[in-house]
Amino acid sequence: MAQLIQDLPQPESYDANSSWLLIEHDNVLYKVQASVFLDSYALQSEYIDTAYRAISFQDSIFSFSRDYLLSDQSSFCLSLEFGEKIKFPSATLIKNAGETNCKLLTFEGLLDIPIDTTSDVLNLSKYSTQNGRTSNFVGTISLSSTQSSITIGQLKLENVSELPAVQSGYVCAKIQARAINA
Amino acid sequence: MPDQLNISNYPTIDVENLNLSQDFVLFVNNDNPAASTTPQALLNKSIISKQPKYFSRTIHFNQEPRQSKINFKTFLNHENLLHINSRFVCKIEFIVNFDKDYIAESDGAAFYHKTLLLPDCYIYKDYGSSNISINHVEYSSTMETAGSTGATLSSIYYNNNNYNLKSIITTTNNSIFFENLSYTRNQHFDTRINFTIESCA
């Protein structure tokens, strides 16, 4: 079986969505459906809820989905960047092959989020000013292996009303993933 | 055009038997054979088969005001992280909280904010290279693996001075050590440093 591989053609472009991984294991070739992708979202909001001193996002839920995204052998790195007029600390969610937990790195440190759970509302980013205002980007993270998706929910920028200059908030999210059905 | 490879009768493998660190992996695109892995690339099959792994590390670096000497160290460790046939990208984010007592209006609008992000730093190494590169918005440098060098990781302009965040970087086959991590001038800096590493070791 191994000689077959030597007949593979020259690549010009690689379309991960219609490709397979071939794995030589104990001198036998196996096929594994796989995809490799980089995707991104950008959300911006100008809706200020003065009663709750918060900026809510009209699309307060967004998802990354791809077949096998949370399968055992898949891996990904999801980065979330936040800001109003200034950039906030970013949050990073990662999963490695063979792991059943994802790790979330924020300004506060590291947190484990098990697959097939939804987190509580988390502080995803934070910024402080000298006058004592501390603004937080908050949201939940859901990891669904059955839906092959990562969902950021209940996204909100809290505690901003003291600063009239704050009129909007934004979130940029991007994911680099290798999703494998072995 | 080469013949299309027919893999329709190939078996599938159970996940528990898969070991991407040892098994030989290549891509096949049946819809577009020209997009499949090259025979030439197969010569480097150890590279093709490498699955990216992601790591995070965070440290909190809080120094007393005007301490005369700062000597803080941390390290990143992963098997074969700096091996000649490994690749990695490390993003380092610096988050500084200034103590109000050390901020003056003359420091400018940026210091209305207690939290400040310094420019990110990227450290990376490519397959087949024995050098690692250290880059941020103002500086870039390179060093050989298994060596040691002083490097500027980021900088901040504050109180009419440039403060450079510097470190002595030393590497082994598995680790990057950051020693004497400090700002160039003595001040109060409450800094969190977050590392995110993608490694194909």
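Thresholds applied
Residues numbered from 1 in each chain as written. Chains lettered and ligands numbered in written order. Predicted model: local features only at pLDDT ≥ 70, side-chain atom pairs only at ≥ 80, totals over all residues. Helix = DSSP H or I, 4+ residues; strand = E, 2+ residues; numbered from the N terminus. Buried ≥ 20, exposed ≤ 12 C-beta atoms within 10 Å, placed from the backbone. Contact = placed C-beta atoms within 7 Å. Pairing = 2+ DSSP bridges. Axes fitted to C-alpha atoms, helices over the stretch in contact; angles between N-to-C directions.

## Some remarks on the overall build of chain A
For chain A, the count of helices and strands is zero helices and 14 strands. Starting at the N terminus and ending at the C terminus, chain A contains elements arranged as β-β-β-β-β-β-β-β-β-β-β-β-β-β. Looking at the 182 residues of chain A, the share that counts as buried comes to 38%. Expressed as a percentage of contacts within chain A between residues at least 6 apart in sequence, the contacts between residues at least 24 apart total 56%.

## Things to note about the environment of Cys77(A)
Residue and element names in this part refer to chain A. Relative to the assigned elements, Cys-77 resides in strand E6 (residues 75–83). Look at Cys-77 and you get buried, because 25 C-beta atoms sit within 10 Å. C-alpha of Cys-77 to C-alpha of Gln-176: the two residues are 99 residues apart in sequence and 5.4 Å apart in space.

## Quick notes on the sheet that holds strand E6 (residues 131–135) of chain B
Across a sheet, paired strands are connected by hydrogen bonds in the backbone, their directions being either parallel or antiparallel. Residue and element names in this part refer to chain B. Strand order in the open sheet made by the six strands is E2-E11-E4-E5-E6-E7, with antiparallel pairing throughout. Here the strands that pair on one side only, and so sit at the sheet edges, are strand E2 (53–62) and strand E7 (140–144). Recorded for the sheet is a direction-independent mean angle of 15° between the axes of neighbouring strands.

## Some details on the environment of Phe107(A)
Mapped onto the elements, Phe107(A) comes out in the loop between strand E8 (101–106) and strand E9 (109–114). Each C-alpha atom of the pair Phe107(A) and Asn96(A) lies 21 Å from the other, and the pair is eleven residues apart in sequence. Excluding residues within four positions of it along the chain, Phe107(A) makes contact with Pro89(A), Ser125(A), Lys126(A), Ile95(B) and Arg192(B).

Remember, this is a structural readout, not a statement about activity or role.
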